[in-house]
Amino acid sequence: MRGKRIMAAGLLLSMSVLSLCACGRQYPVAEDKIYVGVAYYDKSDTFLNEFITCFQKEMEKGETFDGNATVTVRDAGSLQQTQDDQVKELINAGCDVLCVNLVNRTDPSEIINIARENDVPIIFFNREPVAEDMLQWERLYYVGADARQSGVMQGELAAEAIRENPQIDRNRDGKIQYVVLEGEPGHQDSIIRTENAVNTLKNKGIELEKLSCGIANWNRAQAQNRMMQMISRHQNKIELVLANNDDMALGAMDAYQKLNYTEAALPAFFGIDGTDVGLEAVREAKLSGTVYNDKEGQAAAMAQLAVAAVTGKGMEKIRFQDGKYIYLPYYKVTGDNVSDYSEESISTLQ
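Residues numbered from 1 in each chain as written. Predicted model: local features only at pLDDT ≥ 70, side-chain atom pairs only at ≥ 80, totals over all residues. Heavy atoms only, no water.

This part is about helix α11 (residues 295–311). Every α-helix carries 3.6 residues per turn, so stepping three or four residues along brings you back to the same face. The end-to-end C-alpha distance of α11 is 24 Å, a good match for the 24 Å that 17 residues give at a rise of 1.5 Å each. Phi turns positive one or two residues past the end of α11, at G312, with a value near 80 degrees. (Helix = DSSP H or I, 4+ residues; strand = E, 2+ residues; numbered from the N terminus. Expected span 1.5 Å × (residues − 1).)

What follows is the structure in structure tokens.
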């Protein structure tokens, strides 16, 4: 856990702001103020809300920037056109740097074009644009994590649990009947997380039988509905639930609770992200495990990059991959180490 703070701590700098007059803009940057515009896909996403709160705290606490920082947040309600319009408004209002969590990761061109016309750098976060789009302009960056790693770790957690708890195989047939709850259809993280979780389980020698897969759009209520349908179809056959994020894992648990299933009849549930509610479910032994998506480290990296992109100072100290990307690692969380990921533990390690 201490190791995961090293990179985040190394990304934080104290610096003053230089004047900047962007081409095509009528809003000079004050020497002691930075205006950051944040646009994200949907306020219903638990992880992103926690991430943005961390980012706002980083910009406020003065370790990243000696002057004043204003952060304006806009939620697109899962509509790309709404997000495009919000980005235009943020630029017209004089923002110096944009932090964008795309509604549609394959359709960033309008946002990139208007930002480039006004010389406003963009830091994409959490939803990674395709590589070709990242090459459209030199002032495009990405902060996030490797989706493949999260899937592999989820598979490892599930494999370890199955080996340690033979009772997960309730029908004693030597294989695990499982279902998957995925995020958006065709979304890169959904596909990668699912494929790698399942492949890792197989590579660990766990024999699997897939019963069903449901799209729940990262949403707890939708996951509950999908899980109700799966339970109706498969009854007590489901032994393992792999969810692409914690909210969907919790939604699956809600379905069983609504149907008054006893604890002995429940499958094992695994999530990804390590949200506050996800960690609490692990702490209470309701969720067998989750994969921690380092929102604190990513927020610190994005804050450092936002200041550096505006001031031109500190870029040389940021650890980029391919000159544009900052990836922070995931971490496996179980009941044995969940206390390491409490708010108090994390704050002492920063």
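Picking up where we left off.
Where helix α6 (residues 147–164) meets helix α7 (residues 188–203), the axes come as close as 7 Å, and the angle between the chain directions of the two elements is 35 degrees. As for how α6 packs across α7, the hand of that crossing is right-handed. The segment α6 lies against α7, with A147, R148, S150, G151, V152, Q154, G155, E156, A158, A159 and I162 engaging D189, I192, R193, N196, A197, T200 and L201. The residue makeup of the contact of α6 with α7, split by class, is 8 nonpolar, 6 polar and 4 charged. (Axes fitted to C-alpha atoms, helices over the stretch in contact; angles between N-to-C directions. Left-handed = near helix turned anticlockwise from the far one by under 90°. Contact = heavy atoms within 4.5 Å. Nonpolar A, V, L, I, M, F, W, Y, C, P; charged D, E, K, R; others polar.)

Turning our eyes to something else, we now look at the packing of aromatic side chains. With the rule as written, the count across this model stands at 9 aromatic pairs. Here the aromatic rings of Y141 and F320 are separated by 5.7 Å at their centres, their planes lie at 25 degrees, and the arrangement is stacked. You can see Y141 sitting in strand β5 (residues 140–144) and its partner F320 sitting in the loop between α11 and β11 (325–327), a full 179 residues away along the chain. Here Y141 falls in the buried class, since its relative accessible area comes to 10%. One aromatic cluster is present, built from ring pairs that chain together F47, F51 and F125. Over the aromatic face of Y41 sits the side chain of R127, whose NZ or CZ is 3.6 Å from the ring centroid. (Phe/Tyr/Trp six-rings, centres within 6.5 Å; stacked < 30°, edge-to-face > 60°. Buried < 20%, exposed > 50% of the residue type's maximum accessible area, 1.4 Å probe, protein only. Lys NZ or Arg CZ within 6 Å of the ring centre and 35° of its normal.)

Okay, helix α4 (residues 109–117) next. All of the buried residues in α4 are I111, I112, I114 and A115. Against α3 (80–92), β3 (97–100), β4 (122–125), α5 (131–134) and β5 lie the buried residues of α4. Residue D119 follows α4 closely and has a positive phi angle near 55 degrees.

If you trace the backbone, V87 turns up in helix α3. C-alpha of V87 to C-alpha of A39: the two residues are 48 residues apart in sequence and 6.9 Å apart in space. If we skip the residues at most four places from it in the chain, V87 touches A39, L98, I111 and I114.

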